[in-house]
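These are the residues of each chain, in order.
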Amino acid sequence: MSRISRRSVPWIHRWSRPMIGAIAIAGAVLTAYLTITKLTGGEVVCGASDAASMASGCKDVLNSPYATVFGLPLSLFGFLAYGSMSAASLGPLLIQLEGKKSFRKQLNEWTWMFLLAGGTSMAVFSGYLMYILATELQSVCYYCIGSAIFSISLMGLSIFGREWEEGGQLFFIPIVVAMITLVGTLGAYAHLNQPTSADGRIFISQPNTQPRPPYGWEITTESGAAEIELAKHLTSVEAKMYGAFWCPHCYDQKQVLGKEAAKEITYIECAEGGNDPQPQACVAAQVQSYPTWEINGQLFPGAQLPETLAQESGYTGPQEWKYTIPGR
C-alpha cells in the first residue's frame, strides 16, 4: 500500500485572502471617514489637540490641492480601491460553487491577478503621495501614512500570498501596472506642478492653438473663492470686460480669474463671429484694445491682475489669489 504524502501549505498561502480582505476593509473604513468628513465640510480628528503642530500639519495635508482629484476628494477613490480589493479577496471565499471546480479555479486565478494589479497600483500611488508629503507639503499625516502602509501590505500579500505557477506574471503585471499608474498620477497632478511666483501663485499658460469661434480657447483654470467673490462684486458694480474671442490677452484674463469666475463677470464680445457680438457697444465705450475693463466709468486696457481689479472696483473680500500672469 503506497503512502501519498501531501506537501504542507505555507500559512501565508492559507490566510492571505482573509488578511488582504481585513486590511482592505480597514482601509475602506478609513477612507470612508475622510470622504464623508470632506463632503460634509467637517474636520477630521488629527491629534489629541488641534493646537499641536502635527494635528495642524495633518489638516493642511488633507486640505491641500493634492487631496482633490478631478474635483472629488482623493479619499473617495481610495474607498473605491479598498472596496474592490476586499471584494476580490473575500468574494471567492464566500461564494459557494459546488460542482463547478473549473469555474472556481478560474475565478480564483482572475481575482489573484486583480489583487496583484490593484495592490501594485495602490502601492505606487501611495509611494508618490509619500514623496509629495516629504518634499512638497513637508508635513505629517497619519491617515496618509496609514493608507500607504495598507497599500504596501496589500501588494506584498498579493505577491507572496500564493504560489505563482508562471513566474513571469510577477514581473510583467507589476511593471506594466506601475508604469500606467505613474503616468496617470503625474497627469492628474500636472496642473499642480506648474511654475509658481514668489508668493506661491501659479503662472497661467499661454494658448498654443488657434482660437475656435465663437468662444475662442477653453478656460482650464479653476477659480478660487476669492476670484469668484471678486467676479460677483465686479458684476454688482456694473464693471464690464470688453474683448474678442481671438484675443490671447483676453484668454489670459479669463485664465487668471478661472472658469467659474469668468462666467460671473459681464463680458462684452467685440468681434464679429464671436458669441453674441456687440461691436457697437465697444465703439460707444471707446475701446481701442482688447481686453479693456470699464470700472466706475474709467477704462483699463490690457489683462489685469485680480488685485488691480479689486482695488479699482472697491472690492474688500477674500484676496487669496491663485494665479498670476507671467512677467507681472
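Just so it is clear, the model here is predicted, and its values are computed rather than measured.

**A word on the state of the cysteines**
Inspection of every chain in the model, using the stated rule, returns one disulfide. With a sulfur-sulfur separation of 1.9 Å, Cys270 is cross-linked through a disulfide to Cys282. Residues Cys270 and Cys282 are joined by a disulfide whose S-S torsion is about -90°; by sign, that bridge is left-handed. Remark: Cys282 occurs in helix α10 (residues 279-284) and Cys270 occurs in the loop between β5 (266-269) and α10; sequence separation between them is 12 residues.

**What about the sheet that holds strand β6 (residues 292-295)?**
The strand order across the open sheet formed by four strands is β5-β4-β6-β7, and the pairing between neighbours is mixed. Of all strands in the sheet, those bounded by a partner on one side alone are β5 and β7 (298-301). The sheet shows a mean angle of 25° between the axes of neighbouring strands, direction not considered. Here four bridges tie β6 to β7, and the two strands are oriented antiparallel to one another. When the bridges of β7 are listed, Glu294 appears paired with Leu299.

**Here's the deal with the pattern of salt bridges**
Close approach of charged atoms allows side chains with opposite charge to pair. The tally for this structure, following the rule as stated, stands at two salt bridges. When the shortest N-O distance is used, the salt bridge between Arg162 and Glu109 registers 3.2 Å. Residue Arg162 is found in the loop between α5 (142-160) and α6 (167-188), and its partner Glu109 is found in helix α4 (residues 101-137); the two are separated by 53 residues along the sequence. A residue is classified by how much of its surface remains accessible, and Arg162, at 14% relative accessible area, is buried. Take Glu109: its relative accessible area is 23%, and that puts it in the partly exposed class. The salt bridge partner of Glu307 is Arg201, with a shortest N-O separation of 3.2 Å.

**Here's the deal with the pairing of β6**
Side-chain positions along a regular strand alternate between the two faces of the sheet. For strand β4 (residues 240-243) and β6, the ladder comprises three bridges, and the chain directions are antiparallel. Note on β6: the bridge partner recorded for Lys240 is Glu294. Connecting the antiparallel pair β6 and β7 is a turn made up of two residues, with Asn296 showing a positive phi of about 55°.

**Considering helix α7 (residues 225-236)**
An α-helix turns once every 3.6 residues. As a result, residues three or four positions apart point the same way. If you check α7, its first and last C-alpha atoms are 17 Å apart, about what 12 residues at 1.5 Å a residue would give, namely 16 Å. Residues of α7 that are buried: Ala226, Glu227, Leu230, Ala231, His233 and Leu234. Along the axis of α7, the buried positions cluster into a sector of 165°, meaning they face one direction only. Turned more than 90 degrees off the buried face of α7, the exposed positions are Ala225 and Ser236. Of the surrounding secondary structure, the elements contacted by the buried residues of α7 are α8 (248-257), α9 (259-262), β6, α11 (306-313) and β8 (323-324).

**Considerations on the nonpolar core**
Core analysis: the largest hydrophobic core is formed by 21 residues, its most contacted members being Leu230, Leu234, Leu257, Ile265, Trp293 and Leu309. If you list the elements that add at least two residues to this core, you get α7, α8, β6 and α11. Top element by residues in this core is α7. It accounts for four residues. Apart from residues lying up to four places away in sequence, Ile265 is in contact with Ala231, Leu234, Thr235, Met241, Leu257 and Trp293.

**Some words on the environment of Pro318**
You can see Pro318 is positioned in the loop between α11 and β8. Overall, Pro318 belongs to the partly exposed group, its relative accessible area being 38%. A C-alpha to C-alpha distance of 7.5 Å links Pro318 and Glu229, two positions 89 residues apart in sequence. Apart from residues lying up to four places away in sequence, Pro318 is in contact with Ala226 and Glu229.

**Topic: the packing of aromatic side chains**
Per the counting criterion, the structure on display carries eight aromatic pairs. Consider the rings of Tyr33 and Tyr143, whose centres lie 6.1 Å apart with planes at 40°: the pair is tilted. With Tyr33 in helix α1 (residues 11-39) and Tyr143 in helix α5, this residue pair connects regions lying 110 residues apart in the sequence. Owing to a relative accessible area of 32%, Tyr33 belongs among the partly exposed residues under this scheme. Their ring planes at 45° and their centres at 6.2 Å tell us that Tyr315 and Trp321 sit as a pair that is tilted. Among the residues examined, Tyr315 registers a relative accessible area of 7% and is labelled buried. Among the aromatic residues, those joined into a ring-pair cluster are Tyr66, Tyr128 and Tyr189. A cation over an aromatic ring shows up here: Arg162 above the ring of Trp164, its NZ or CZ 4.5 Å from the ring centre. One Lys or Arg, Lys254, reaches over the ring of Tyr267 and ends 3.9 Å from the middle of that ring.

Rules behind the numbers
- Residues numbered from 1 in each chain as written.
- Predicted model: local features only at pLDDT ≥ 70, side-chain atom pairs only at ≥ 80, totals over all residues.
- Heavy atoms only, no water.
- Disulfide = S-S within 2.5 Å.
- Helix = DSSP H or I, 4+ residues; strand = E, 2+ residues; numbered from the N terminus.
- Pairing = 2+ DSSP bridges.
- Axes fitted to C-alpha atoms, helices over the stretch in contact; angles between N-to-C directions.
- Salt bridge = Lys/Arg side-chain N within 4 Å of Asp/Glu carboxyl O.
- Buried < 20%, exposed > 50% of the residue type's maximum accessible area, 1.4 Å probe, protein only.
- Expected span 1.5 Å × (residues − 1).
- Arc of directions from axis to C-beta.
- Contact = heavy atoms within 4.5 Å.
- Core = buried A, V, L, I, M, F, W, Y, C linked by side-chain atoms within 4.5 Å.
- Phe/Tyr/Trp six-rings, centres within 6.5 Å; stacked < 30°, edge-to-face > 60°.
- Lys NZ or Arg CZ within 6 Å of the ring centre and 35° of its normal.

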